[in-house]
Amino acid sequence: GGKLDYSPVSWREYFDQMEDVNVGPADSTDIFRIYKAGSEGPLLVLLHGGGHSALSWAVFTTAISSRVNCRVLAMDLRGHGATLVRQSDDFSTQTMSSDVANVIQACYGESPPPVVLIGHGVGGAIAVHTASNMLLPTTVGLVAIDVVEGSAMEALHSIQNFLKGRPKSFKSMDHAIEWSVKSGQIRNLESARVSVVGQIKRCEVNQGDALEQASPVTDVVVERNEDFYDQSYVNEKENTGTETWAWQSVYKWRVDLSKSEKYWDGWFRGTSNLFLACNLPKLLLLAGIDRLDRDLTIGQMQGKFMMQVLPPCGHAVQEDKPDKVAEAVAAFLLRHKFAEARKETR
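Note that the coordinates shown come from a computational prediction; the quantities given were computed from them, not determined experimentally.

A closer look at the environment of Arg294
With respect to the helices, strands and loops of the structure, Arg294 is situated in helix α11 (residues 294-301). Take Arg294: its relative accessible area is 65%, and that puts it in the exposed class. Sequence spacing of Arg294 and Glu149 is 145 residues, and the spatial spacing of their C-alpha atoms is 9.7 Å.

Written as structure tokens, this is what we have:
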């Protein structure tokens, strides 16, 4: 088969619009990046996992929209993607679940449509906290994807090793996408091409500095905004003749997840019981049956929630198997009459 294409794909292929939402007092607003699709039906509020961005829901959004009538709002959580907040290192569940409520209120006022909270990994824990604290009064359903307190707590010690083991930077966006697929972080090339863009940012490194091994100035980087960067930078070079600076692009992770370690325990501790206690229709989607902890196993036997184990996939479940996740979510929405099936339009 021909050479695989690892070039990035725009969010526009999957969402109808992108917005930056201001939250907070006028003199010090936080700005949250959101992506939306659909215009009728329940509002699916999609919360991504740690280190990811709203774009990890891109392919899923197309898949769910073709099955049921619904609206989608996927947001970049604080410290992630293109969201800009003053305290970008406050990853407490309390702050992050308040963010979700604030963004929905900013978009829909006091009476948003019926909300189904859907979260993956850390986003799943935040969805559980948002639902159990009743921060969004119109919430009708809750979907948690591959977030189980027991297995998450066991895995915490290995996260730092995983973070240390991955590359610090990439030569290009294409290289970052290729790495994420070949390393198995995202097992679906289509999803990787749209979502890795939200995990990586372009920085400029002065090559002159980079050559001086003695000084660690390789980290003197100038962040640039990819959207308008290319042309304006070319013009700047032509007009000022500064190409002697020999800037070189590198792509680095947007989030230094290792710095959030003090919050990891709080993300997951107690979530199984909070999930079970939520008085809402619930769905738990897992990447493997081995993920279940004791509390959830008992709750599942008592029929307290719907559960589905998806075919072999990695932790980025909605990216690896977007159609399977969309099928399961659509069945959940239809079963509880939250949404209507999409009419075949031929």
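Some words on helix α5 (residues 173-182)
Where α5 is concerned, the buried positions are Met173, Ala176, Ile177 and Ser180. Angular distribution of buried residues about the axis of α5 spans 100°; they occupy a single face of the element. The first or second residue beyond α5 is Gly184, which carries a positive phi of 85°.

Examining the sheet that holds strand β3 (residues 43-47)
Across the sheet, which stays open at both edges, the eight strands sit in the order β1-β2-β4-β3-β5-β6-β11-β12 with mixed pairing between neighbours. Edge positions in the sheet fall to β1 (17-23) and β12 (306-309), since each has one partner strand and no second. Going across the sheet, the axis of each strand differs from the next one's by a mean of 20°, ignoring polarity. Where β3 meets strand β4 (residues 71-75), five bridges bridge the pair, whose relative direction is parallel. The partner of Leu46 across the bridge, within β4, is Ala74. Across the sheet, helix α1 (residues 58-65) is in contact with β2 (30-37), β3 and β4; its angle to β3 comes to roughly 160°.

What to know about unusual backbone geometry
Look at Met134: it is not a glycine, yet its phi comes out positive at around 50°. Turning to its location among the elements, Met134 is positioned in the loop between α3 (122-132) and β6 (139-145). In this structure, Lys337 takes a positive phi of about 60° despite not being glycine. Secondary-structure assignment places Lys337 in the segment after α13 (322-335). Since its relative accessible area comes to 74%, Lys337 is described here as exposed.

Some points on the pattern of salt bridges
Inspection of every chain in the model, using the stated rule, returns 12 salt bridges. Here Arg193 makes a salt bridge to Asp5, at a shortest N to O gap of 3.1 Å. Of this pair, Arg193 sits in helix α6 (residues 189-195) while Asp5 sits in the segment before β1, and the two are 188 residues apart along the sequence. Arg193 sits in the buried class, given a relative accessible area of 19%.

Quick notes on the rules
Counting from 1, residues in each chain are numbered in the order their sequence is written. Given that the model is predicted, a residue must reach a pLDDT of at least 70 before its local features are reported, and side-chain atom pairs must reach 80 or more before they are shown or counted; all residues, however, enter totals for whole chains, interfaces and linings. In computing side-chain properties, one takes all heavy atoms of the structure into account and sets aside hydrogens as well as water. By definition, any uninterrupted DSSP run of H or I lasting at least four residues is a helix, any uninterrupted run of E lasting at least two residues is a strand, and each is numbered from the N terminus. Whether a residue is buried, partly exposed or exposed follows from its accessible area with a 1.4 Å probe, protein chains only, as a fraction of its type maximum: under 20%, in between, or over 50%, in that order. Directions drawn from the helix axis to the C-beta atoms are what define this arc. Only strands that DSSP links by at least two bridges are regarded as paired with each other. In this analysis, axes come from line fits to C-alpha atoms, helices being fitted only over the stretch in contact, and the angle between any two N-to-C directions falls in the range 0 to 180 degrees. Contacts are residue-level and defined by heavy atoms, with any inter-residue pair within 4.5 Å sufficient. Throughout this description, the term salt bridge denotes a Lys or Arg side-chain nitrogen within 4 Å of a carboxyl oxygen of Asp or Glu.

Functional significance is not addressed by these values, which are geometric in nature.
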